[in-house]
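Take a look at the letters that make up each chain.
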Amino acid sequence: MAALRPTEPIEAIELRDGRVRLVERLFSDAESERWFNALRDQTRWRQEEIRIFGRKRRQPRLTAWHGDAGATYCYSGLRLRPEPWTADLAAIKARIEAVSETRFNSVLLNYYRDGGDSMGWHSDDEPELGDNPLIGSVSLGAARRLRMQHKADPSLQMAWNLPGGSYFEMGGALQRHWRHCVPKVVSKEGVGPRINLTFRLIKPEATPSR
C-alpha cells in the first residue's frame, strides 16, 4: 500500500493575507494516470450555464460535484447538489486529508479538455465555505498555470505551474484577499487534458436556501 505522506517535501509559502502549501509530487505517475483515466471516463461531466455580470454563458470547461449528502454548493447562479463519493474520489480524499490534517466533505471536479478551456478570476468565498476556508487542490494530467492576484493591490501577483500528481492548498484569509484563475493557453498545441479536484468543507447550515 502506498504511503500516505508525500515523497517530496511540503513547500509552505506565507503570503500577505493568506498562505499556500504545495507538494509537487503527492501521487506517483502511475496513480495519477490511473485516476485521471478513471475520472475522465466514469464521471458524469456537465457544461453548466452560469451567470456573469447578469449574462448567462456556458462554462469553458466541464464540471462535476460530489460529496456527502447535504453538501450543496451555490456559486454564479448555480445550485449544485452532490453526487455520491466514488471509490476513486474517496481514496484521493483520504490521501490529501492525511497531508492537510483536515476533513473535507465535498469536491468540485474541473475537466480542462485542452488549452482553450479555462477558469476566470474568482475567489472561493461563498457563505457555505465559512470564514477562511481551506481548499485542497489536486491536479491530474497535463500541467496548467494557476495565477493569483491580491484584490487590494493588483500589482501583487503569484503564479505556479501545477503538474499532474501535485497538491496545492489555499488557506488562512487568502480567499478574502486574493483571487485566482486558470487562464487559456494562447498556443493550444501540445496542451493535453487536465482534471483538477478542489476539495472543500461545506457547512450546510450556511448554504443559501435559494
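Above this note sits the structure.
A few words on the sheet that holds strand E12 (residues 157–162). Strand order in the open sheet formed by 4 strands is E9-E14-E11-E12, and the pairing between neighbours is antiparallel. Among the strands making up the open sheet, the edge pair consists of strand E9 (119–122) and E12. On average, adjacent strands in this sheet sit at an angle of 15° to one another, irrespective of strand direction. For E9 and strand E14 (residues 178–182), the ladder comprises 2 bridges, and the chain directions are antiparallel. Pairing of His-122 across the sheet is with His-180, part of E14.

To continue, consider the pattern of salt bridges. What the rule picks out here adds up to 14 salt bridges. Arg-21 is paired through a salt bridge with Glu-169; the nearest N and O atoms lie 2.9 Å apart. Remark: Glu-169 occurs in strand E13 (residues 167–171) and Arg-21 occurs in strand E2 (residues 18–23); sequence separation between them is 148 residues. A residue is classified by how much of its surface remains accessible, and Glu-169, at 2% relative accessible area, is buried. The partner of Asp-41 in a salt bridge is Arg-40, with the nearest N and O atoms 2.9 Å apart. A relative accessible area of 31% places Arg-40 in the partly exposed class. What emerges from the salt-bridge pattern is a single network uniting Arg-16, Asp-17 and Asp-153.

Attention shifts here to the side chain of Thr-198. Tracing the sequence through the fold places Thr-198 in strand E15 (residues 194–200). Within the structure, Thr-198 has its side chain in polar contact with the side chain of Arg-200 (distance 2.9 Å). Ignoring sequence-local partners within four residues, the contact set of Thr-198 consists of Ser-106, Val-107, Leu-108, Ile-135, Gly-136 and Ser-137.

Here we come to helix H2 (residues 87–100). Here H2 is 14 residues long and its end C-alpha atoms lie 20 Å apart, about the 20 Å a rise of 1.5 Å per residue gives. Most of H2 sits inside the fold, with 10 of its 14 residues counted as buried. For H2, every residue scored as buried is listed here: Asp-88, Leu-89, Ile-92, Lys-93, Arg-95, Ile-96, Glu-97, Ala-98, Val-99 and Ser-100. The positive-phi residue at the C-terminal boundary of H2 is Glu-101, with phi of around 55°.

Let's shift gears to the sheet that holds E2. Spatial strand order, E1-E2-E13-E10-E15-E8-E5: 7 strands in an open sheet with antiparallel pairing. In this open sheet, the two edge strands, each paired with only one partner strand, are strand E1 (11–15) and strand E5 (62–67). Geometrically, the sheet is characterised by an average inter-axis angle of 15° between neighbouring strands, direction not taken into account. Here 6 bridges tie E5 to strand E8 (residues 106–112), and the two strands are oriented antiparallel to one another. Paired with Leu-62 across the two strands is Tyr-111, which belongs to E8. Relative to E15, H2 is tilted by about 60°, and along the sheet it contacts E2, E5, E8, strand E10 (135–141), E13 and E15.

Scoring rules and cut-offs
- Residues numbered from 1 in each chain as written.
- Predicted model: local features only at pLDDT ≥ 70, side-chain atom pairs only at ≥ 80, totals over all residues.
- Heavy atoms only, no water.
- Pairing = 2+ DSSP bridges.
- Helix = DSSP H or I, 4+ residues; strand = E, 2+ residues; numbered from the N terminus.
- Axes fitted to C-alpha atoms, helices over the stretch in contact; angles between N-to-C directions.
- Salt bridge = Lys/Arg side-chain N within 4 Å of Asp/Glu carboxyl O.
- Buried < 20%, exposed > 50% of the residue type's maximum accessible area, 1.4 Å probe, protein only.
- Polar contact = N/O pair within 3.5 Å; in protein donor to acceptor, adjacent residues only side chain to side chain.
- Contact = heavy atoms within 4.5 Å.
- Expected span 1.5 Å × (residues − 1).

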